[in-house]
Amino acid sequence: MQLSKSAYVLLSSLLFCEQSTAYVLSNKEAAPGSVTTTPKSAYTYGRPVPKTDTTKIGTLQVPNVGIGTISWSSDDFFNLENKELEQVTSTAYASNCAFADTAERYGSHVKTALGMGYGDTEKMTSKFLRRAEEAQGPSRVDPVIATKFTPIPWRTTAQSVVDACEQSRKNLGVEQIDLYQIHMPDIVQPLRFLGKDDSKDEIYWDGLAECYHKGLVKNVGVCNYGPTLVEKCQKHLAKRGVPLASNQIAYSLLGRHDGAQETLDKCKQLGIKTLAYYPFAMGLLTGKYSKELLAAEGFGDKDMSLTDSKKSSLELKDLNKYANGDGLDIPEGGINPLITTMLTIAKRRGKTLSQVALNYIISKGAIPIPGCRTVAQLEENIGALGWRLSATEVKMLELEADKLGFGFDGAGFKRTSEKFVGYGVETFRLE
């Protein structure tokens, strides 16, 4: 295996000097093997990991890895059923890991393409969880469903947030939604080319406050807010007596640029939990686009999650460029130096690349929300729980990621700072 000189120095002088243990030490903890039950900082290096590996989002106790449902779809156009997804939900419930992140606009693929299907995934997720609870009895960790309100031009009042929340509450079959989030800043402005940019962010925040005070939701959050906007939102809600619980952003080992790391740091400072989508950088960090390198190091398909690809040809073109480089936008070799370092850590810990990628995010104090369609993928993701990377390992990974000289910005039409909104593409920045 070939490591860069700087990574090799770190590896030889620091990494292998550490004890191989489930409990790793933070900079403030001196003795190997010491046990601490109360974290002293937002970072989790050196914290003992309980059998049930959970954290807090506002008033909620949730597992440190969530389940993304954006790709969930019914097998039947007329009935919301999918046996494979029901088994995923049942297994998550049995594993005390039933924390699903959905949205009102997520729905069956065919219906969504036809402009239909709003709320289908909310209904399906809730139905599968109810069945799991009926079959298995109470879970040690209560299941949690987070959903989202979609800002669109004809939603112009705080009441529109309340109305959407009421519908999501009915879809989920609950008295109170666990976590209700605004899906993105109000960037959908079809008349912007005429000089009309009428942001309704504060109106939507007032809507969240109304939902909270009406008892429709237990906690409120936002998505894709940068440091400035998330702090502004928190202050606005605080005036209404409403705590801001979370902010969901694109964040991964390859996605700490363009304000992502600054946003995570600001959220920690403000006491807001960060949820991370694209934790695998659309599969790049699972190694499935670096198969030759993994094969050479003895990692076969069984060591990779998410091996079944449903990517478009345009997405695959971009992802392969990231993985291997094109000599133009991405240097030759692509992300291979980072994958090599991840392999070193994965081998030492008896983990997979995807588990290292997820654990990196957990170790940084955020909750990864990987997409999950199969039980095998769920079990792979759960393998990121119950242990933590050491501070040295985290530094090694960040060193190699930074040396690449580029970050992950998305693939095809799926971008980390853009949304396709029908009339075109709107961009946003984590500022």
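First, a word on what this report is: a plain description of the structure on this page. (Residues numbered from 1 in each chain as written. Predicted model: local features only at pLDDT ≥ 70, side-chain atom pairs only at ≥ 80, totals over all residues. Heavy atoms only, no water.)

1. Quick notes on the packing of aromatic side chains
The geometry of an aromatic ring pair is captured by two quantities: the separation of the ring centres and the angle between the planes. Our working rule: Centre distance within 6.5 Å is the pairing criterion for rings of Phe, Tyr and Trp, where only the six-membered ring of Trp is used; planes under 30 degrees apart are then read as stacked, over 60 as edge-to-face, and the remainder as tilted. Each helix is a run of DSSP H or I of at least 4 residues and each strand a run of E of at least 2, with the numbering of both proceeding from the N terminus. Throughout, exposure labels follow a simple rule: accessible area from a 1.4 Å probe, protein chains only, divided by the maximum for the residue type, with under 20% read as buried, over 50% as exposed, and the rest as partly exposed.
Taken as a whole, this structure holds six aromatic pairs when the rule is applied. Ring centres of tryptophan 205 and tyrosine 225 lie 6.3 Å apart, and the angle between their planes is 55°; this geometry places the pair in the tilted category. Taken as a pair, tryptophan 205 in helix 6 (residues 201–213) and tyrosine 225 in the loop between strand 7 (217–223) and helix 7 (227–239) lie far apart in primary sequence, 20 residues in all. We note that tryptophan 205, like tyrosine 225, is buried.

2. Quick notes on the pairing of strand 6 (residues 177–182)
Our working definition: When DSSP finds at least two bridges between two strands, those strands are taken to pair. Seen with its strands pointing away from the viewer, a crossover is right-handed if its path from the first strand over the helix to the second goes clockwise.
When you tally the buried positions in strand 6, you get six out of six residues, the bulk of the element. When strand 5 (residues 144–149) meets strand 6, the two strands line up parallel, connected through four bridges. Looking at strand 6, one finds that lysine 148 is bridged to glutamine 181. Handedness of the strand 5-helix 5 (residues 158–172)-strand 6 crossover: right-handed. Pairing analysis gives five bridges linking strand 6 to strand 7, with the strands arranged parallel. Paired with leucine 179 across the strands is asparagine 219, a residue of strand 7.

3. A look at the side chain of histidine 236
To keep it simple, the criterion reads: Contact definition: two residues touch when any of their heavy atoms are within 4.5 Å.
Looking at the element boundaries, histidine 236 is found in helix 7. Apart from residues no more than four positions distant in its own chain, histidine 236 is found in contact with Glu202, Trp205 and Asp206.

4. So, the sheet that holds strand 4 (residues 99–101)
As a reminder, the rule being used: Here the axes come from fitting lines to C-alpha atoms, over the contacting stretch only for helices, and the angles between their N-to-C directions go from 0 to 180 degrees.
Overall, parallel pairing links the eight strands, which are arranged 3-4-5-6-7-8-9-10 in an open sheet. Since the sheet does not close on itself, it has two edges, and those belong to strand 3 (67–68) and strand 10 (367–368), each with one partner. Two strands pair when backbone bridges link them, and strand 3 and strand 4 are joined in this way by two bridges, in the parallel orientation. By the bridge assignment for strand 4, isoleucine 67 is matched with alanine 100. Strands in contact with helix 8 (residues 260–270) are strand 8 (244–250) and strand 9 (273–277); relative to strand 8, the strand with the most contacts, it is inclined by about 165°.

5. A closer look at the pairing of strand 8
The two faces of a sheet get side chains in turn, since along a regular strand they alternate between them. Burial analysis of strand 8 places seven of its seven residues in the buried class, the great majority of the element. Inspection of the sheet shows strand 7 paired to strand 8 by four bridges, in the parallel sense. Note on strand 8: the bridge partner recorded for valine 222 is asparagine 247. Of the crossover connections in this fold, the one passing from strand 7 over helix 7 to the parallel strand 8 is right-handed. When strand 8 meets strand 9, the two strands line up parallel, connected through five bridges. Looking across to strand 9, one finds that serine 246 is bridged to lysine 273. Regarding topology, helix 8 serves as the crossover connection from strand 8 to the parallel strand 9, and that connection is right-handed.

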